[in-house]
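Topology and contacts: notes
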2 protein chains.
Amino acid sequence: MAYGGYTYFDAKYEPAKDDFIVLIWAKGTAPIEKIAEGIASESSVGTWTKLKTMNQFVWEHLRARVFKIHNVGKNAGFIWIAYPYEHFDSKNIMQFCASVMGNIFGLKELEELYVCDIKFPLKYQKQFPGPKAGMEGVRRYVGTEKSRRPHTGTIPKPKVGLNPKEFAHVAYESWIGGLDFVKDDENLVDQKFCPFKERFHEVVNAAERVEKETGRKVLYSPNISDRYDRMMDRMDYVKAHGWPMVMMDVYLMGFSVLPMALEQAHRYNLFTHAHRAGYAAAHRGNYGANFVIYEKYYRMLGVDQLHIGTGVGKMEGGPLLIKRLHQVADEKKGPAKMYLGMLDFEWAPHIKPIFSVSSGGMDAGKVEASVALHGRDVVVQAGGGIHGHPLGTRGGAASMRQAVDAVAKGISLPAYAKTHKELKMALDKFGYVSPKAVLKELADEKKNCKKMDAEVLRQGRGGMEKYS
Amino acid sequence: MAYGGYTYFDAKYEPAKDDFIVLIWAKGTAPIEKIAEGIASESSVGTWTKLKTMNQFVWEHLRARVFKIHNVGKNAGFIWIAYPYEHFDSKNIMQFCASVMGNIFGLKELEELYVCDIKFPLKYQKQFPGPKAGMEGVRRYVGTEKSRRPHTGTIPKPKVGLNPKEFAHVAYESWIGGLDFVKDDENLVDQKFCPFKERFHEVVNAAERVEKETGRKVLYSPNISDRYDRMMDRMDYVKAHGWPMVMMDVYLMGFSVLPMALEQAHRYNLFTHAHRAGYAAAHRGNYGANFVIYEKYYRMLGVDQLHIGTGVGKMEGGPLLIKRLHQVADEKKGPAKMYLGMLDFEWAPHIKPIFSVSSGGMDAGKVEASVALHGRDVVVQAGGGIHGHPLGTRGGAASMRQAVDAVAKGISLPAYAKTHKELKMALDKFGYVSPKAVLKELADEKKNCKKMDAEVLRQGRGGMEKYS
């Protein structure tokens, strides 16, 4: 079925090793075969009508190929497209996005368009550095590379409004209570009530006091997110004062700045904590792109810690999706999972694992379930679950650390709470989420994955909802 | 109805002059009053539970206020929220987005979340420069400040693959045929088959030949979109060679780079053409934000030409929406339009109008209808509609220019085509879209706007579909 006079569908095409593979869900007001042609055309070399200026080189070497379509009814379905490597300005991520995740969202005949996943060829991955420190670097700094226990973190609350001294006091109490890590909230940068530099110095002083008093190494990620020049000024400032970490809002930064900011962080040997505010506007719903695509870029470009959801807290993301995002963050490869709309993945050998962060509506009572899902290579992070603890921040931090210690020892939270007051108070107030439901869902996945694939292929993107 | 122990709803609150007003559509698994509280909480000072660390200053001075909720059924509705000015790091657009269009998209209890519009207080607008040249600057350069005719433009096709000489030949033919403006396609930057610098020189040489041969001034916008450093290198290069214009993919750049890139373009006196690849992933569907919000930022930050859709071509965007986007681009103020989900707007006096670009599936036969919608202050731009013309690029360009001349003289296209061969061939091949349907829709809007408002308030976001 031609679009604009050309046919991009080729069932016999076998993707080349260096092709980019894109899996798309689409639904519209035309047959899905026609929609697939429109997408391949608009994202590569075509337009809505036949051209006097088309030539053989362009058509043979640069066009996208639709090599598989799976209908779900007449006007909807999954589409697999291969793009040749030479199509792209290979170091230019914006150019890649403008092709593959750009104009296509605007095509009139669409009612839904979701870019489910992209498989990046190894040749493409090779030009990106991956994390410099990565999970292991952060673990070595804190001293958990042997114990492999989960890290614990917090976001001082209220999200905005504390002054620098108040903020630093909350940070101090959090660390003293037992936490490893404190971060700024995503909407706190350099407001008048809490200027960045003042806050930074107060918090770093508090961290140094904690290190002196306890002998432990603790981390803080000041939020440098802003326009590029101010972001780099803040990074320089942090480096100049000998602090080892910064936080960036990676989704909002976009790919015009993220590669450069991370290169600088790597040169400076700074750990990077990546918040992802706004990602869900793309990730959820009927127009957009799965977060896994962004996650792959974040690992290729080299963040060290990345928010990927809890599976059990206040934010979206079911256990199976979160498990998969965790695997993409720190494993070498993984199989296709059609029920999550995901292609198989394989990382270039030089790209180190990143530390997954489980955050959003967490508290001590949810730690066991979240770790059952994530495994122990995770930063469990709570805001309200710590600063809303009946004993306040220090007690909340203690409850969180006790929960992690329990999990590391293989003891269930209710049992450990019998001898740990702060944990008991947290469970009494926030409740206890048993890991059973999560473990059952993971076990069911193993057993039923083929059935789940078939179900989603029958129902389309709507069928994914229960898994993602 | 409290969320996390606090109540953000205050029906008696009257937004202050400097407040930011945000209009949101939401639907979820809880009563809309509860959802509204969750959104206000997560986007300002709260979280999911009551905090030991909350204080009076934060609560009184920094929290968001939900001052109006319009239910559409139990679990859905429109929500009006006011944010105090001091809440924000006022020059930091990323911080603003992280608050108001950030984490909220991820809240678990949501099924839909669409940020319909934001009203930016004049105090906020004052710190941004607005366009330096703007529409009038571009018109003066081309020499149309008196005639006020629409400008004409093209994108050489195929989108990618022509080599620099082929590309420049297409540009030359386009200008000689009568066009004012040539732009790179959004997915063409610096690929091997068409390196940026070589293309730039070939095209600029072609432009100079055209100017010598015709005495007309013509424009070309080379696509500099990339990571920030390479983008600035290309801007330096363009400036160093005395060329007056660049193109940027503004949506993909994000707000970490756009303000800086535009400041540099202003210092260099470069016109900026803004493509918007990817915007529709946010703009369409059930999670995201209306393009009008981005458009407001683009005008505040100061682009000169901006794609806003055709109303009649291959891309999404109905006539009423496009008309409104056009008004936001070049008028001083406008009323609220609930059927488009839009608040009233008012521009700070120093912020100049930008030149709207009507592009995407255009051809000569659609010019009359598109201009009926946009008015004459528009750049009508066609790709396939020019390079797919039976006589090729030069004939296609002539057909486009003839269509614009006809419209400028108030003559309908079929009448003008009787004495203009290229236009006649375009109408024969691509068809003629009469302006009647567009004009009727605009007339109906004037007559029925209150009814349309009521209809959308009854039906919610789904009811907007026929208007947007």
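Reading guide: rules and limits
Residues numbered from 1 in each chain as written. Chains lettered and ligands numbered in written order. Predicted model: local features only at pLDDT ≥ 70, side-chain atom pairs only at ≥ 80, totals over all residues. Heavy atoms only, no water. Helix = DSSP H or I, 4+ residues; strand = E, 2+ residues; numbered from the N terminus. Buried < 20%, exposed > 50% of the residue type's maximum accessible area, 1.4 Å probe, protein only. Lys, Arg positive; Asp, Glu negative; His and termini not counted. Salt bridge = Lys/Arg side-chain N within 4 Å of Asp/Glu carboxyl O. Polar contact = N/O pair within 3.5 Å; in protein donor to acceptor, adjacent residues only side chain to side chain. Contact = heavy atoms within 4.5 Å. Buried area = accessible area lost by both parts, 1.4 Å probe. Nonpolar A, V, L, I, M, F, W, Y, C, P; charged D, E, K, R; others polar. Pairing = 2+ DSSP bridges. Axes fitted to C-alpha atoms, helices over the stretch in contact; angles between N-to-C directions. Expected span 1.5 Å × (residues − 1). 1 Å grid on protein atoms, 1.4 Å probe; cavity = no way out; pocket = protein on both sides within 12 Å on 5 of 7 lines; lining within 4 Å. Points joined across faces, edges and corners; volume = space filled by probe spheres on them. Domains from an automatic or database assignment.

Right, let's get into the side chain of B:Asp330. Residues and elements named next belong to chain B. Within the secondary structure layout, Asp-330 lies in helix α13 (residues 319-330). Salt bridges are absent for the buried Asp-330, whose nearest opposite-charge side chain, Arg-299, sits at 6.1 Å. At 2.9 Å, the side chain of Asp-330 and the side chain of His-326 are in polar contact. What Asp-330 contacts, discounting residues up to four positions off in sequence, is Met-135, Arg-299, Pro-353, Ile-354 and Asp-377.

Turning next to the interface of chain A and chain B. At the interface, 97 residues of chain A touch 97 residues of chain B. Of the roughly 7,500 Å² buried at the junction of chain A and chain B (both faces included), carbon and sulfur atoms supply 57%. In this assembly, chain A and chain B are joined by six salt bridges. Summed over the shared surface of chain A and chain B, the number is 53 residue pairs in polar contact (both at pLDDT 80 or more). For the side of chain A that touches chain B, the class distribution of residues is 38 nonpolar, 34 polar and 25 charged.

Turning to the sheet that holds strand β15 (residues 378-382) of chain A, a few remarks are in order. Residues and elements named next belong to chain A. Across the sheet, eight strands lie side by side as β7-β6-β5-β15-β14-β11-β9-β8; this open sheet has parallel pairing. Unpaired on one side and paired on the other, β7 (219-221) and β8 (245-249) mark the two borders of the sheet. Each adjacent strand pair in this sheet contributes to an overall mean axis angle of 25 degrees, direction not counted. Where strand β6 (residues 181-183) meets β7, three bridges bridge the pair, whose relative direction is parallel. What sits directly across from Val-182, in β7, is Tyr-220.

Turning our attention to helix α13 (residues 319-330) of chain A. All names here are of chain A. With twelve residues, α13 extends 17 Å from end C-alpha to end C-alpha; this agrees with the ideal 16 Å at 1.5 Å per step. Of all twelve residues in α13, eleven are buried, a share of seventy percent or more. Of the residues making up α13, those classed as buried are Pro-319, Leu-320, Leu-321, Ile-322, Arg-324, Leu-325, His-326, Gln-327, Val-328, Ala-329 and Asp-330.

So, about helix α16 (residues 392-409) of chain A. Residues and elements named next belong to chain A. With 18 residues, α16 ought to run about 26 Å at 1.5 Å a step, and its terminal C-alpha atoms sit 26 Å apart, in line with that. By the criterion of burial, α16 is predominantly enclosed, with 14 of the 18 residues buried. The first or second residue beyond α16 is Gly-410, which carries a positive phi of 75 degrees.

Right, let's talk about unusual backbone geometry for a bit. Look at the link from A:Lys157 to A:Pro158: it is a cis peptide, with omega at -5 degrees. Looking at the element boundaries, A:Pro158 is found in the loop between β5 (151-154) and α6 (164-177). Despite not being glycine, B:Arg148 has its phi angle at roughly 60 degrees, a positive value. Relative to the helices and strands, B:Arg148 resides in the loop between α5 (134-142) and β5 (151-154).

This part is about the pairing of strand β8 (residues 245-249) of chain B. For a regular strand, side-chain orientation follows a simple rule: the groups alternate between the two sheet faces. Among the five residues in β8(B), five count as buried, and that is most of the element. With burial as the criterion, each face of β8(B) is covered, one bearing B:Met245, B:Met247 and B:Asp249 and the other bearing B:Val246 and B:Met248.

Attention shifts here to the side chain of A:Arg401. Residue and element names in this part refer to chain A. As for its position among the elements, Arg-401 is in helix α16. The exposure class assigned to Arg-401 is buried, which follows from its relative accessible area of 19%. Looking at Arg-401, its side chain comes within polar contact range of the main-chain oxygen of Gly-178, at 3.0 Å. With residues near it in sequence (within four places) discarded, Arg-401 still touches Arg-149, Thr-152, Gly-177, Gly-178, Asp-180 and Arg-216.

We now examine the pattern of salt bridges. With the rule as written, the count across this model stands at 54 salt bridges over all chains. The closest approach of N and O atoms between A:Arg227 and A:Asp229, which form a salt bridge, is 2.8 Å. With a relative accessible area of 11%, A:Arg227 lands in the buried category. Here the salt bridges do not stand alone but share partners, grouping A:Glu42, B:Lys157, B:Lys159, B:Asp185, B:Glu186 and B:Lys314 into one network.

Attention now moves to the sheet that holds strand β3 (residues 76-83) of chain A. Residues and elements named next belong to chain A. Spatially, β2-β3-β1-β4-β10 is the arrangement adopted by the five strands of the open sheet, whose pairing is mixed. The sheet is open, and its two borders are formed by β2 (65-71) and β10 (287-289), each paired with just one other strand. Each neighbouring strand pair of the sheet contributes to a mean axis angle of 15 degrees, computed without reference to strand direction. As paired strands, β2 and β3 are joined by six bridges and run antiparallel to one another.

Unoccupied space between atoms shows up once a probe the size of one water molecule is rolled over them. All told, the structure shown has five cavities of 30 Å³ or more when counted by the stated rule. In this structure, the largest cavity occupies an estimated 590 Å³ of space. A:Tyr251, A:Tyr294, B:Tyr251, B:Leu252 and B:Tyr294 are the residues nearest the centre of the largest cavity, which is lined by 31 residues in total. Grouping the amino acids of the lining of the largest cavity by side-chain chemistry returns 25 nonpolar, six polar and no charged.

Residue and element names in this part refer to chain B. Along the chain, the position of Val-204 falls in helix α7 (residues 196-214). Exposure remark for Val-204: the relative accessible area of 8% places this residue in the buried category. Spatially, the C-alpha atom of Val-204 lies 9.1 Å from that of Leu-219, the residues being 15 residues apart in sequence.

Moving on: the domain arrangement of chain A. All names here are of chain A. If you check the domain split of chain A, you get domain 1 (20-125) and domain 2 (134-438). With 24 residues of domain 1 at the interface, the matching set in domain 2 holds 28 residues. Carbon and sulfur atoms supply 64% of the area that domain 1 and domain 2 bury against each other, a total of about 2,300 Å² over both sides. On the surface where domain 1 and domain 2 come into contact, there are two salt bridges. One salt bridge connects Lys-296 with Asp-117, and the closest N-O pair in it is separated by 2.9 Å. Taken together, the connections running from domain 1 to domain 2 amount to 15 residue pairs in polar contact (both at pLDDT 80 or more). At the level of secondary structure, the elements contributing two or more residues to the side of domain 1 that touches domain 2 comprise β1 (20-28), β3, α3 (93-100), β4 (110-119) and α4 (122-126). For the side of domain 1 that touches domain 2, the leading source of residues is β4, giving ten residues. Residues that form the side of domain 1 that touches domain 2 fall into these classes: 19 nonpolar, one polar and four charged.

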